[in-house]
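In case you want the letters, here they are:
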Amino acid sequence: MSEKIKNIAVLGSTGSIGTQALDVIRANPGSFVVEVLTANGNADLLIKQALEFNPNTVVIADENKYAYVKEALQQTDIKVFAGNKAIAQVVQMDTIDVVLAAIVGYAGLESTISAIKAGKQIALANKETLVVAGDIVTQLAKENGVNLYPVDSEHSAIFQCLAGEWHNPIEKIYLTASGGPFRGKDRTFLETVKKEQALKHPNWDMGAKITIDSASLMNKGLEVIEAKWLFNLKPEQIDVVVHPQSIIHSIVQFNDGSMKAQMGLPDMKLPIQYALGYPERMRSDFPRFSFFNYPQLTFEPADTKTFRNLALAYEAMNRGGNAACILNAANEVAVDAFLKDKVSFLGMSNIVEKCLEKINFIDKPSYEDYVATDKETRVVANEWI
Ligand code: NDP
């Protein structure tokens, strides 16, 4: 049990990460209290969660669903608000200790920044926040004494490997990638794949957007950029290695050549619990790893010729400025279009590439520049669909 009960705001509580975070909280009733729950449009699940966890406040981003949620919770003391502005406001509530940022995509940026400004500790699942505005977000975190605890399994692995090593220089890190459902396939095959195939991830059960990103290797590209900001690394210090079994979650190589890896079964509840419980390693009943079920752990290079998104993400990271913001916005539009059968699997990379070519580069963007870049990129990306 924790020394102090932590009050948690779960942003994106109806999603894959959000529901698994609530599983962790349910399993540790003496350690956590849910203060806030938020959803986009899934009012029924939000109501169900609210009735179970009895938070102080819930927010439904879709304002059309406000009356429905309010009505369903009228017999309780739970406060109900609607809209994304309300999410950004409630994260500043005095009673919150930790904000789990698990909204998907750019939509999570404003609330995460708002929580950091209020000095809340952040358990960060929403990698897009750091991809879009990593410089501003990490600077704000520093100024406000806020720790960003990674939830992404690879970054949690790096973070765990760094425990007790904070003053030792990192030579490089290796982010592991499963390779997704299309590992080893060629471009002819990929030209015809459909969303049903792309949504079948071999090792992880995740939300739709990140599952498509995993199939296209954009997820690994976003993670490379996320790692740069989280661990203050230079682009050349970050490498990707394909490891289809997803047992080694990532590796740090120190400047004496020694390497530390973190391993375990692929289950997001583990990094979620580590981020929420930090610095404590809380007990869990998650299934344990057996070496004999995995007699071989294998490694291979990432195929960036076939899966161009990873190369595009490195390119955006090397350019700096607003390039990664462009990459992210174009990718969000492309993935949405792919999920609606409006663009082919390989067409997604074309949209990202065109946007990186076409949108004005800004070397030192302000927050407003990022907002404008995101908006403009979405318009241009939609023209290519
Ligand atoms: P999901 O799509 O499963 O869930 C997203 C959550 O965000 C839902 O609660 C959704 O509400 C809410 N949401 C979506 N759009 C908006 C919006 N415009 N405004 C407010 N809320 C919104 O995503 P995941 O849980 O898979 O991913 C969440 C984040 O975590 C992503 O950034 C992802 O990259 C990252 N991540 C996820 C992992 C995973 O295993 N799933 C692993 C590592 C990182 P509603 O349900 O009502 O639509």
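Residues numbered from 1 in each chain as written. Predicted model: local features only at pLDDT ≥ 70, side-chain atom pairs only at ≥ 80, totals over all residues. Heavy atoms only, no water.

### So, the overall build of the protein
In plain terms, the rule: Strands are runs of DSSP state E lasting at least two residues, helices are runs of H or I lasting at least four, and both sets are numbered from the N terminus onward. Every radius of gyration here is taken over C-alpha atoms, with the globule rule written as 2.2 Å times N^0.38, N being the number of residues. Only heavy atoms matter for contacts: two residues are in contact if any of them lie within 4.5 Å across the pair. Per-residue accessibility takes into account occlusion by the displayed protein chains alone, with areas from the Shrake-Rupley method and a 1.4 Å probe.
Helix and strand counts for the protein stand at 16 helices and 12 strands. Taking 21 Å as the expected radius of gyration for a compact globule of 385 residues, we find that the protein reaches 20 Å, a close match to that expectation. By its C-alpha atoms, the protein is 55 × 50 × 40 Å across when sized along the principal axes. Long-range contacts, defined here as pairs at least 24 residues apart, represent 68% of the contacts in the protein between residues at least 6 apart. If you sum the accessible surface of the protein, you get close to 17000 Å²; carbon and sulfur atoms cover 51% of it.

### What to know about the pairing of strand 3 (residues 57-60)
The condition that has to hold: Think of it in three bands: with a 1.4 Å probe and only protein chains considered, a residue is buried below 20% of the maximum accessible area for its type, exposed above 50%, and partly exposed in between. Between any two strands, pairing holds if DSSP finds at least two bridges. Crossovers are described as right-handed under a simple rule: with the strands pointing away from the observer, the path leading from the first strand over the helix to the second runs clockwise.
Of the two faces of strand 3, the one lined by T57 and V59 and the one lined by V58 and I60 are each fully buried. Relative to strand 3, strand 2 (residues 32-39) is paired through four bridges, and the arrangement is parallel. Among the inter-strand pairings, A39 is bridged to a residue of strand 3, identified as I60. Each parallel crossover has a hand, and the one from strand 2 via helix 2 (residues 43-53) to strand 3 is right-handed. Here strand 3 pairs with strand 4 (residues 79-82) via four bridges, running parallel. Looking across to strand 4, one finds that V59 is bridged to F81. With helix 3 (residues 66-72) bridging strand 3 and the parallel strand 4, this β-α-β connection has right-handed handedness.

### Quick look at the side chain of S250
Cut-off, in case you're wondering: The definition of a polar contact used here is a pair of N or O atoms within 3.5 Å, where within protein one atom must be able to donate a hydrogen and the other to accept one, and adjacent residues in sequence count solely through side-chain atom pairs.
Inspection of the secondary structure puts S250 in strand 10 (residues 248-254). Polar contacts involving the side chain of S250 include one to the main-chain carbonyl oxygen of Y174, which spans 3.5 Å. Setting aside residues no more than four positions away along its own chain, S250 makes contact with E154, A157, I158, C161, Y174, L175, T176, K260, A261 and Q262.

### Considerations on the packing of aromatic side chains
Defined as follows: Working definition: a ring pair exists when centres of Phe, Tyr or Trp rings (six-membered ring for Trp) sit within 6.5 Å. Plane angles under 30 degrees give stacked, over 60 give edge-to-face, the rest tilted. Whether a charge sits over a ring depends on NZ of Lys or CZ of Arg being within 6 Å of the ring centre and within 35 degrees of the ring normal.
Taken as a whole and judged by the stated rule, the model has 11 aromatic pairs. Geometrically, the ring pair formed by F289 and Y294 is stacked, given 5.4 Å between the ring centres and 25 degrees between the ring planes. Across the ring face of F189, the terminal group of K185 is positioned such that the distance to the ring centre comes to 4.8 Å. One cation-aromatic arrangement involves K228 over W229; the distance from NZ or CZ to the ring centre is 4.4 Å.

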